[in-house]
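Listed below, chain by chain, are the residues.
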Amino acid sequence: EDKNGAIIRNDLVHDELQKQGMATNFYIKMNELSKKKTNKPLRSTQPRKLNSGEIVHELSELGQKLWDSLVNKGLAIKISDKNYQFK
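Remember, it's a predicted structure, so these values are computed and weren't measured experimentally.

Asker: Lay out the packing of aromatic side chains in plain terms, naming residues and giving numbers.
Answerer: This model, assessed by the stated rule, comprises 4 aromatic pairs. An angle of 75 degrees between the planes, with centres 5.8 Å apart, marks the rings of Trp67 and Phe86 as edge-to-face. In this pair, Trp67 is assigned in helix 2 (residues 61-72) and Phe86 in strand 4 (residues 83-86), connecting sequence segments 19 residues apart. Residue classification places Trp67 among the buried residues on the basis of a relative accessible area of 2%. Assessed through its relative accessible area of 3%, Phe86 is described here as buried. Members of the aromatic cluster, joined through ring pairs, are Phe26, Tyr27, Trp67, Tyr84 and Phe86.

Rules used throughout
- Residues numbered from 1 in each chain as written.
- Predicted model: local features only at pLDDT ≥ 70, side-chain atom pairs only at ≥ 80, totals over all residues.
- Heavy atoms only, no water.
- Phe/Tyr/Trp six-rings, centres within 6.5 Å; stacked < 30°, edge-to-face > 60°.
- Helix = DSSP H or I, 4+ residues; strand = E, 2+ residues; numbered from the N terminus.
- Buried < 20%, exposed > 50% of the residue type's maximum accessible area, 1.4 Å probe, protein only.

Everything listed here is a matter of coordinates, which is why it stays silent on function.
Here it is as structure tokens:
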């Protein structure tokens, strides 16, 4: 949870179970929970600063594809590169 909306850091759907809507349904449910607990929509992984001072953004290629599919379905918006948010 985050005051600006919940963030899912990691999820894994096995290859044989992909493309069946499981991740989409999970993200929809997590968005509902985020709105209930924080009054803000679910967000994608955000950039973070390491102890070394380096800034990393760990949204994987598969994560980006999932978020892009949520955008295409009208469920989310793309704010910038690797930065998404549910509507």
